[in-house]
Amino acid sequence: MNRPLEGVKCSVKNCKFWNEGYLCTASAIEVNVDGGGQSASRSPETNCHTFQPS
Ligand code: SF4
């Protein structure tokens, strides 16, 4: 298991990289705008694309 990414708080508990304490143990994460493009207006329009189901 990688060390948790500092400063990343994640609530997606069914991701294989998720650990107790809202920690992400991926080596890096990629976050994109829903639907493509490079501009979001609100946080719900963004998502972690490193997610993998556990
Ligand atoms: S990879 Fe993304 S969804 Fe998975 S624990 Fe890390 S931040 Fe959360």
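Coordinates for the structure precede this section.
First, a word on scope: everything that follows refers to the structure included in this document. Worth saying up front: this structure is predicted, and the values here are computed from it rather than measured. (Residues numbered from 1 in each chain as written. Predicted model: local features only at pLDDT ≥ 70, side-chain atom pairs only at ≥ 80, totals over all residues. Heavy atoms only, no water.)

Turning to the packing of aromatic side chains, a few remarks are in order. What the rule picks out here adds up to one aromatic pair. Relative to Y22, the ring of W18 has its centre 6.1 Å away and its plane inclined at 85°; by these criteria the two rings are edge-to-face. With a relative accessible area of 13%, W18 lands in the buried category. The partly exposed category is assigned to Y22, whose relative accessible area is 39%. A cation over a ring is seen here: K9 above Y22, with NZ or CZ 5.8 Å from the ring centre. (Phe/Tyr/Trp six-rings, centres within 6.5 Å; stacked < 30°, edge-to-face > 60°. Buried < 20%, exposed > 50% of the residue type's maximum accessible area, 1.4 Å probe, protein only. Lys NZ or Arg CZ within 6 Å of the ring centre and 35° of its normal.)

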